Amino acid sequence: MELAQVRLLVDDFPACYRFYAEVLGLKPQSGSPQGPYEKFSPATGSAGIALQDRGVMSEIIGELGDAVNGHRSLVVLRVDDLDVYCEQITARGAAVFQGPAPMTDRMRVAHLKDPEGNLVELQEWLLLQG
């Protein structure tokens, strides 16, 4: 078994597409900003994040029509230099609401939200720095 992707169900597909592609800098697979589906990949690694229009998925399985309350996901991305990356994404429109700050003696993190309110955690692994 192989994990293919984590898929987020979203209502405002174009806003989320822009966030993951233009703000976070992930590479879209097909370049379809209107949806209803797109997979994004980082420059390295094999994991991917996908967006799926909530309305389309609701038609398929018939039980996702209601609005989501509370946080139901946390997208985690590892970056080499957390401070530099936060500066870059803030310049592109991201709003970091927590951090960068130590989480443990092995990791620094920052948190932000995508346009749908999904939590995004940015991690800098201090162990990889020696």
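Please read all numbers here as calculations on a predicted model, not as lab measurements.

**Let's talk about the pattern of salt bridges**
- Scanning all chains against the criterion turns up 5 salt bridges.
- One salt bridge connects Asp80 with Arg78, and the closest N-O pair in it is separated by 3.3 Å.
- Taking relative accessible area as the criterion, Arg78 reaches 38% and is therefore assigned partly exposed.
- Note that Glu124 is salt-bridged to Arg108, the shortest N-O span being 2.7 Å. Of this pair, Glu124 sits in strand β8 (residues 119-125) while Arg108 is found in strand β7 (residues 107-113), placing the two residues 16 residues apart along the sequence.

**Observations concerning the nonpolar core**
- Core analysis: the biggest nonpolar cluster contains 26 residues, and Tyr20, Leu24, Leu51, Ile89, Leu112, Val120 and Leu122 have the highest contact counts within it.
- Looking at this core, the elements that each hand over two or more residues are β1 (6-10), α1 (13-23), β4 (49-53), β5 (74-78), α3 (82-91), β7 and β8.
- In terms of residues, this core owes the most to one element, α1, which gives 7 residues.
- The residues contacting Tyr20, other than those within four sequence positions of it, are Leu8, Gly25, Leu26, Phe40, Ile49, Leu51, Val75, Asp114, Asn118 and Val120.

**Things to note about the confidence of the model for the protein**
- Residues of the protein with pLDDT of at least 70 account for 88%, and the chain-wide mean is 87.
- The spread of mean pLDDT over the elements of the protein runs between helix α2 (residues 54-61), the lowest at 80, and α3, the highest at 97.

**As for the packing of aromatic side chains**
- Inspection of every chain in the model, using the stated rule, returns 4 aromatic pairs.
- Taking the centre distance of 6.1 Å and the plane angle of 40° together, the rings of Tyr20 and Phe40 count as tilted. Linking Tyr20 in helix α1 with Phe40 in strand β3 (residues 37-41), this pair joins segments that are 20 residues apart in sequence.
- Over the ring of Trp125 we find Arg78; its NZ or CZ atom is 5.1 Å from the centre of that ring.
- The residue whose ring lies beneath Lys113 is Phe97, and the NZ or CZ to ring-centre distance is 5.5 Å.

Calculation notes
- Residues numbered from 1 in each chain as written.
- Predicted model: local features only at pLDDT ≥ 70, side-chain atom pairs only at ≥ 80, totals over all residues.
- Heavy atoms only, no water.
- Salt bridge = Lys/Arg side-chain N within 4 Å of Asp/Glu carboxyl O.
- Buried < 20%, exposed > 50% of the residue type's maximum accessible area, 1.4 Å probe, protein only.
- Helix = DSSP H or I, 4+ residues; strand = E, 2+ residues; numbered from the N terminus.
- Core = buried A, V, L, I, M, F, W, Y, C linked by side-chain atoms within 4.5 Å.
- Contact = heavy atoms within 4.5 Å.
- pLDDT = per-residue confidence, 0-100.
- Phe/Tyr/Trp six-rings, centres within 6.5 Å; stacked < 30°, edge-to-face > 60°.
- Lys NZ or Arg CZ within 6 Å of the ring centre and 35° of its normal.

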